[in-house]
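Residue-level listing of the chains:
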Amino acid sequence: MLYIVDIPPHLCIRCRGSRYLCGLAYCPVVVDSIARIRLERIEGEVLEGSSPPSVFVGRTGYPLVRIYPSSPPIRGDTSSYEDPSRWLQIDLEEFLAMRLSMVRGYREYRVEVASKPPRELEDIMALSLSPGPSDVEMLFERKPRGDVILSDISPPMGPSAPLKRISLGSLRPVERIVEKVYSDRDLRARDAIYILYSSGIDVHRISRILSVGAMGRRRRVVPTRWAITAVDKTVSDSILKEVKGYSVIDKVMLYKRYSNKNLFIAILIPHSWAFEWGEAWYPGTIWNMWGTYPWVEVDYEGYHGRRDYPAIGGCYYASRLAVLEALRSIRRQAAVITWREIYEGFDLPVGVWYVRENMRAMLRTEPEVFDSLGEALARARELMRTPIERFISKSGVLRIIAARKITGFINESMSTRL
């Protein structure tokens, strides 16, 4: 195991292996994580399997990127390999073993090639559009090796090698709405994303379709980590417009969920829309591997949203989407605090699906109901290991609510004097 004691924990929390804020040319957390994984390698340079389907697009070298169709070395119904709604139902170890068996072959393309794709890229696009598994045969230039994907945004993926040739079996018929979005080159990408979502296509699949450049007026290949966050944000932005037209909830509600060394909490407050996502990473976790105390980070937005990308990363928009789906389902709006504690031993990045699906599951349960925000915060204090003052001191939503109360008090006082 690596020990890099000179890296301040707050840099790891903000960077998460993507921006190299520590000054190193690599992420020691990810390197250490990979070193602790025993990978099953395939024999030889040929893989025969059933792709769930799965396609990953890297970002290194952008605008020249690698596109990776992938498959486990097994035939049959592999749809669970690419279905986040089912991943919470299995052990984390089983999930990692499943995802790391996904062998990737790659070709390099410039991002603009999606506007006039060559035959092989057309095949990869067709695989991405497919609603279910397809038999594939991949011939590699060499035996795939263990350069696995471990990311705070995208799900883990297994070893890779340059691709000589890919052959697809028969593909399942694509839904009419997916075919329409693919064929309509006058449709903006953001509109296409929401049309697919409104038609019942999950955001995980939409991000795959976006990443291979199969939608929008300006067809471009999009790195997977960017596509995932873009879809979460685009969909939640659209839902938010609807939610802002609903009346405000009339009680404070608290939701909680324990999941595999994680605690998730959401507090819904009678107030116009505001939102925050906060995390406490304990020592010995992914982004606080060498710290000595829990590191807390919080990002938030008010009624009119944000102008910049949250430093806390893609989990912000994954949580925001789950919250807005829940508010739309009850036809109400609220100010929402979402906090997460990550405990010792949760030491591998698995992707933002973990936040999105846990939040969705939590918000489908019955909440605890309180007459006041103070009572809800007192209950949260009982549930959390981190002193709640550390979250409260960084909470943007609580500042917004406090400012509104102070403004209301001043206005009421002035009216009384007049």
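Criteria and thresholds
Residues numbered from 1 in each chain as written. Predicted model: local features only at pLDDT ≥ 70, side-chain atom pairs only at ≥ 80, totals over all residues. Heavy atoms only, no water. Pairing = 2+ DSSP bridges. Helix = DSSP H or I, 4+ residues; strand = E, 2+ residues; numbered from the N terminus. Axes fitted to C-alpha atoms, helices over the stretch in contact; angles between N-to-C directions. Contact = heavy atoms within 4.5 Å. Salt bridge = Lys/Arg side-chain N within 4 Å of Asp/Glu carboxyl O. Buried < 20%, exposed > 50% of the residue type's maximum accessible area, 1.4 Å probe, protein only. Arc of directions from axis to C-beta. Left-handed = near helix turned anticlockwise from the far one by under 90°. Nonpolar A, V, L, I, M, F, W, Y, C, P; charged D, E, K, R; others polar. Polar contact = N/O pair within 3.5 Å; in protein donor to acceptor, adjacent residues only side chain to side chain. Phe/Tyr/Trp six-rings, centres within 6.5 Å; stacked < 30°, edge-to-face > 60°. Lys NZ or Arg CZ within 6 Å of the ring centre and 35° of its normal.

A.B. asks: Break down the sheet that holds strand β1 (residues 46-51) for me, with residues and values.
C.D. replies: What holds strands together in a sheet is hydrogen bonding between their backbones, with the strands either parallel or antiparallel. Taken in spatial order, the six strands make up an open sheet running β1-β5-β6-β4-β3-β2, and their pairing is mixed. The sheet terminates laterally at β1 and β2 (54-57), the two strands that pair on one side only. Adjacent strand axes in the sheet meet at a mean angle of 40° when their direction is disregarded. Here strand β5 (residues 134-140) runs beside strand β6 (residues 160-168); their pairing, made up of five bridges, is antiparallel. Residue pairing in the sheet places Leu 139 in a bridge with Arg 165 of β6. Sheet strands touched by helix α5 (residues 119-129): β1, β2, β3 (64-71), β4 (103-110), β5 and β6. Its angle to β6, the strand with the most contacts, is close to 80°.

A.B. asks: Help me get a handle on the pattern of salt bridges, residues and values and all.
C.D. replies: Applying the stated rule across the entire model yields 31 salt bridges. A salt bridge links Arg 328 to Glu 242, with the nearest nitrogen and oxygen atoms 4.0 Å apart. Remark: Glu 242 occurs in helix α9 (residues 224-243) and Arg 328 occurs in helix α10 (residues 315-330); sequence separation between them is 86 residues. Accessibility expressed as a relative area gives 32% for Glu 242, which makes it partly exposed. Lys 256 is the salt-bridge partner of Glu 368, the closest N and O atoms lying 2.8 Å from each other. Of this pair, Glu 368 sits in strand β12 (residues 368-370) while Lys 256 sits in strand β7 (residues 252-258), and the two are 112 residues apart along the sequence. In this structure Lys 256 comes out as partly exposed when scored by relative accessible area, which is 33%. Within this structure, Asp 202, Glu 325, Glu 357 and Arg 360 form a network of salt bridges that share partners.

A.B. asks: Report on the sheet that holds strand β11 (residues 335-342), specifying residues and quantitative values.
C.D. replies: The sheet built from six strands is open, its strands ordered β10-β9-β11-β8-β7-β12 with mixed pairing. The sheet terminates laterally at β10 (295-301) and β12, the two strands that pair on one side only. This sheet shows a mean twist of 15° between the axes of neighbouring strands, independent of strand direction. Note that β7 and strand β8 (residues 262-269) share six bridges and pair antiparallel.

A.B. asks: Quick rundown of helix α7 (residues 189-198)? Include the residues and the values.
C.D. replies: Listing the buried residues of α7 in full gives Ala 192, Ile 193, Leu 196 and Tyr 197. Mapping the buried residues of α7 onto a view down its axis gives an arc of 130°, with all of them on the same face. In the core, the buried residues of α7 are packed alongside α6 (176-183), α8 (203-211), α9 and α10. Residue Gly 200 follows α7 closely and has a positive phi angle near 95°.

A.B. asks: I'd love a proper account of the pairing of β6, names of residues and values included.
C.D. replies: The side chains of a regular strand alternate between both faces of the sheet. In this sheet, β6 lies alongside β4 in parallel orientation, the contact comprising three bridges. Within β6, the residue paired with Tyr 106 across the bridge is Pro 162.

A.B. asks: Go over the packing of α7 against α8 with me, naming the residues and quoting the values.
C.D. replies: In a packed pair of helices, the relevant descriptors are the angle between the two axes and the axis-to-axis distance. With their axes 10 Å apart at the nearest point, α7 and α8 run at an angle of 145° to one another. Relative to α8, α7 is oriented so that their crossing is right-handed. Contacts between α7 and α8 pair Ile 193, Leu 196 and Tyr 197 from the former with Val 203, Ile 206, Ile 209 and Leu 210 from the latter. For the contact of α7 with α8, a count of residues per class yields seven nonpolar, no polar and no charged.

A.B. asks: Got a sec to walk through unusual backbone geometry? Specific residues and values, please.
C.D. replies: Omega for the bond connecting Pro 52 with Pro 53 falls within 30 degrees of zero, at 15°, which places this linkage in the cis form. Position of Pro 53 among the secondary structure elements: in the loop between β1 and β2. Across the junction of Tyr 62 and Pro 63, the peptide omega takes the value 15°, indicating a cis bond. In the Ramachandran plot, Asn 260 falls in the positive-phi region, its phi being about 50° despite a non-glycine side chain. Relative to the assigned elements, Asn 260 resides in the loop between β7 and β8. Given the relative accessible area of 34%, Asn 260 is considered partly exposed. Residue Lys 261 is not a glycine yet carries a positive backbone phi of 65°. Relative to the helices and strands, Lys 261 resides in the loop between β7 and β8.

A.B. asks: Lay out the side chain of Arg 99 with the relevant residues and their values.
C.D. replies: Position of Arg 99 relative to the elements: it lies in helix α4 (residues 92-100). Setting aside its immediate chain neighbours within four residues, Arg 99 contacts Tyr 81, Glu 82, Trp 87, Pro 155, Pro 156, Met 157 and Gly 158.

A.B. asks: Requested: an account of the side chain of Glu 297, with residues and values cited.
C.D. replies: Along the chain, the position of Glu 297 falls in strand β10. A distance of 3.0 Å separates polar atoms of two side chains, one belonging to Glu 297 and the other to Trp 295. Setting aside residues no more than four positions away along its own chain, Glu 297 makes contact with Ile 13, Arg 14, Trp 277, Gly 278, Glu 279, Ile 312 and Lys 394.

A.B. asks: I'd love a proper account of the packing of aromatic side chains, names of residues and values included.
C.D. replies: Under the counting rule described, the total for this entry stands at 17 aromatic pairs. Each ring, one from Trp 87 and one from Phe 95, has its centre 5.0 Å from the other, and the planes form 50°; the classification is tilted. When sorted by exposure, Trp 87 lands in the same class as Phe 95, which is buried. Relative to Tyr 354, the ring of Trp 353 lies with its centre 5.5 Å away and its plane at 90°, an arrangement referred to as edge-to-face. The ring of Tyr 303 is capped by Lys 244, whose NZ or CZ atom sits 4.2 Å from the centre of that ring. Above the ring of Tyr 316, the side-chain terminus of Arg 306 is found at 5.6 Å from the ring centroid.

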